[in-house]
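Here is what each chain is made of, one letter per residue.
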Amino acid sequence: MQEILDAILSGNATSADYAGLALPESYRAVTLHKDEEQMFAGLASRDKDPRKSLHLDEVPLPELGPGEALVAVMASSVNYNTVWSSIFEPVSTFGFLERYGRLSPLTKRHDLPYHVLGSDLAGVVLRTGAGVNAWKPGDEVVAHCLSVELESPDGHNDTMMDPEQRIWGFETNFGGLAQIALVKTNQLLPKPKHLTWEEAASPGLVNSTAYRQLVSRNGAGMKQGDNVLIWGASGGLGSYATQYALAGGATPICVVSSPQKAEICRAMGAEAIIDRNAEGYRFWKDEHNQDPREWKRFGAKIREFTGGEDVDIVFEHPGRETFGASVYVTRKGGTIVTCASTSGYMHQYDNRYLWMSLKRIVGSHFANYREAFEANRLVAKGKIHPTLSKVYSLEETGQAALDVHQNRHQGKVGVLCLAPQEGLGVRDQELRAQHLTKINAFRDI
Ligand SMILES: NC(=O)c1ccc[n+]([C@@H]2O[C@H](COP(=O)([O-])OP(=O)(O)OC[C@H]3O[C@@H](n4cnc5c(N)ncnc54)[C@H](OP(=O)(O)O)[C@@H]3O)[C@@H](O)[C@H]2O)c1
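This write-up is about the structure you can find in this document. In this text, all values refer to a predicted model and were calculated from it rather than measured experimentally.

**Considerations on the nonpolar core**
Nonpolar side chains in soluble globular proteins generally cluster together in the buried interior. Counting residues in hydrophobic clusters, the biggest one holds 111 residues, and the most contacted among them are Leu121, Leu188 and Tyr244. The element that contributes the greatest number of residues to this core is strand β3 (residues 68-78), accounting for 8 residues. Contact partners of leucine 121, with chain neighbours within four places excluded, come to Val71, Val73, Ala75, Ser76, Val141, Val142, Ala143, Trp168, Ala181, Val183 and Ala201. Within the second largest apolar cluster, 21 residues are counted, among which are Trp284, Val327, Ile336 and Leu354.

Here's what the structure looks like:
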């Protein structure tokens, strides 16, 4: 492993040098253990502690298959799916691995008594499998997390429609929170040259998701002048949605839960910011009934920022807690685009406001390769920036996941894998210098 790291740190090792390096038989990885699936049984979600379920283990290097690559991972990040996996909610991810394992002898590799998590990476290609021409050892890359088989016609207009679509490092094994990861090479993208390893690793999953959900025609298809209500605007997804709204000539109306988070939105350039805690919204009167007066109060607040206009798009992901309000405040003909249900997936809303006002609810999930490429391209051009706030070591991944679970983080939380320290991997200092303030906007807040 040290030889691999030395080659990467030298910054001048050739493809032949990398191809000549011996691969280790095992590597360190953040894992869940299948025999601990029930460890939190009976506990409330908030009491389930990722520090107890996430382990740092030495695991065997998986066999490399056709169309795949082994990547030396310099840095990764924590996504909310790491939290879901680590608390075994809403289901244990070992069920995903078992199902994937039944598909073919090659996918059987994923069905193991441990699950290496992680759906982001920045690193260097070590080996490519048969049939790979576009990538070679030594390429500095980031990876998006869409894993597809594409044997069915269904996925050939939009790869997200592949019946065998999975999220790498969540529904597959050998993820990015490790020293080495196994990916399909159609997950690879060039690493933005002006970013450090940990900065480059952090946008991947959430940036691609926000791009499809808000910008792509497969999502809300945002246009100039749209008013976009963004829940959790300083969080993982929201911090990219806010940037897309600003960069695309729309007006983000950012919802956050503290003055610090409001400050971050201001630093991104947003002006319309609602602190949901300070306003004290109670959309649910009790467990079964919502309070339409609170929807109205929220809608009136939005209109204060928009000169009386309602929102064209709601960027939804909190789910049950907010969905009724989201449907209500959307303008006639507008779109509620949802990719998650953090607070509960059994939503309730008043359908009269949907059909009578011809609104649309659009489901969105991750992104296809092209959308992930576009999202990464915007980062590489310095038009969209990483939102990294804090960086942990691989050993501290449990704590990193706990921070996200408890909503104590801002933007994205990074994890150093092989990288011995922060700040390495920048290949274009000039572009970096142009954007340094924006790149650091989420740091130390
Ligand atoms: N389908 C996909 O492809 C996809 C991709 C990425 C993420 N996701 C899902 O999307 C969700 C958010 O992910 P993320 O990475 O953005 O997480 P995150 O970094 O935790 O950000 C979510 C933000 O939502 C806000 N929020 C949380 N609970 C809320 C509630 N009850 N009411 C209103 N706002 C609430 C919080 O902001 P404030 O406290 O400041 O309001 C929080 O910071 C997760 O469930 C994740 O699994 C889905």
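**Describing the sheet that holds strand β15 (residues 330-338)**
Strand pairing within a sheet occurs via backbone hydrogen bonds; the two strands may be parallel or antiparallel. Spatial strand order, β13-β12-β11-β14-β15-β16: 6 strands in an open sheet with parallel pairing. Looking at strand neighbours, the two that pair on one side only are β13 (272-275) and β16 (360-363), the edges of this open sheet. On average, each strand axis in the sheet is inclined to that of its neighbour by 20°, with strand direction left out of account. Pairing geometry for strand β11 (residues 227-230) and strand β14 (residues 311-316), over 3 bridges, is parallel. Its bridge partner being in β14, isoleucine 230 is matched across the sheet by phenylalanine 315. Contacts between helix α7 (residues 204-215) and the sheet are confined to β11, β14 and β15, with β14 contributing the most and set at about 150° to the helix.

**Here we look at the site of the ligand**
Every one of the 26 residues lining the ligand counts as a neighbour, but Ser257, Arg276, Thr342, Phe366 and His409 are closest to it. At 2.8 Å, a side-chain N or O of histidine 365 approaches a nitrogen atom of the ligand. Contact with the protein chains removes 91% of the 900 Å² of surface that the ligand exposes when unbound. When contributions to the shell around the ligand are tallied by element, the ones reaching two or more residues are α4 (80-86), α7 and α8 (236-247). Top element by residues in the shell around the ligand is α7. It accounts for 3 residues. Grouping the amino acids of the shell around the ligand by side-chain chemistry returns 11 nonpolar, 12 polar and 3 charged.

**Remarks on helix α9 (residues 259-268)**
Residues of α9 that are buried include every one of Lys261, Ala262, Ile264, Cys265 and Met268, and no others. Considered in projection along α9, the buried side chains sweep an arc of 155° and stay on one side of the axis. Phi turns positive one or two residues past the end of α9, at glycine 269, with a value near 115°.

**Overview of the packing of α7 against α8**
In contact at an axis separation of 8 Å, α7 and α8 are set at 50° when each is read in the N-to-C sense. Comparing their axes, α8 and α7 come out oblique. As for the relative orientation of α7 and α8, their crossing is right-handed in sense. Across from Val206, Asn207, Thr209, Ala210, Tyr211, Leu214 and Val215 in α7, the residues of α8 making contact are Gly236, Leu237, Tyr240, Ala241, Tyr244 and Ala245. Grouping the amino acids of the contact of α7 with α8 by side-chain chemistry returns 10 nonpolar, 3 polar and no charged.

**Re the sheet that holds strand β4 (residues 114-116)**
Here we have 3 strands laid out as an open sheet, ordered β2-β1-β4, and antiparallel in their pairing. Looking at strand neighbours, the two that pair on one side only are β2 (55-60) and β4, the edges of this open sheet. Strand-to-strand twist in this sheet, taken as the mean axis angle between neighbours without regard to direction, amounts to 60°. The pairing of strand β1 (residues 26-33) with β2 spans 6 bridges and is classified as antiparallel. Bridging from a neighbouring strand, threonine 31 pairs with histidine 55 of β2.

**Concerning helix α11 (residues 292-306)**
One turn of the α-helix equals 3.6 residues, which is why residues spaced by three or four share an orientation. Compared with an ideal rise of 1.5 Å per residue, which puts 15 residues at 21 Å, α11 spans 21 Å between its outermost C-alpha atoms and is within 8% of the ideal. All of the buried residues along α11 are Glu294, Trp295, Phe298, Gly299, Lys301, Ile302 and Thr306. Summarising the axial view, the buried residues of α11 lie within an arc of 155°, below the 170-degree limit, and thus occupy one face. Structural note: α11 exposes Arg293 and Glu304 on the side pointing more than 90 degrees away from its buried face.

**Looking at the pattern of salt bridges**
Scanning the entire structure with this criterion turns up 27 salt bridges. Here aspartate 139 ties to lysine 136 by a salt bridge, and the two come within 3.0 Å at their closest N and O atoms. Here lysine 136 falls in the partly exposed class, since its relative accessible area comes to 44%. With its nearest N and O atoms 2.7 Å apart, the salt bridge here joins arginine 427 to glutamate 140. Remark: glutamate 140 occurs in strand β6 (residues 140-143) and arginine 427 occurs in the loop between β18 (412-416) and α16 (429-439); sequence separation between them is 287 residues. The exposure class assigned to arginine 427 is partly exposed, which follows from its relative accessible area of 37%.

**Some details on the side chain of asparagine 173**
Looking at the element boundaries, asparagine 173 is found in the loop between β8 (166-167) and β9 (180-184). At 3.0 Å, the side chain of asparagine 173 forms a polar contact with the backbone oxygen of tyrosine 114.

Thresholds, definitions, all that
Residues numbered from 1 in each chain as written. Predicted model: local features only at pLDDT ≥ 70, side-chain atom pairs only at ≥ 80, totals over all residues. Heavy atoms only, no water. Core = buried A, V, L, I, M, F, W, Y, C linked by side-chain atoms within 4.5 Å. Buried < 20%, exposed > 50% of the residue type's maximum accessible area, 1.4 Å probe, protein only. Helix = DSSP H or I, 4+ residues; strand = E, 2+ residues; numbered from the N terminus. Contact = heavy atoms within 4.5 Å. Pairing = 2+ DSSP bridges. Axes fitted to C-alpha atoms, helices over the stretch in contact; angles between N-to-C directions. Near = heavy atom within 4 Å. Polar contact = N/O pair within 3.5 Å; in protein donor to acceptor, adjacent residues only side chain to side chain. Areas by Shrake-Rupley, 256 points an atom, 1.4 Å probe, with all protein chains shown as cover. Nonpolar A, V, L, I, M, F, W, Y, C, P; charged D, E, K, R; others polar. Arc of directions from axis to C-beta. Parallel < 35°, antiparallel > 145°, perpendicular 65-115°, else oblique. Left-handed = near helix turned anticlockwise from the far one by under 90°. Expected span 1.5 Å × (residues − 1). Salt bridge = Lys/Arg side-chain N within 4 Å of Asp/Glu carboxyl O.

What is shown is where atoms sit, not what they do.
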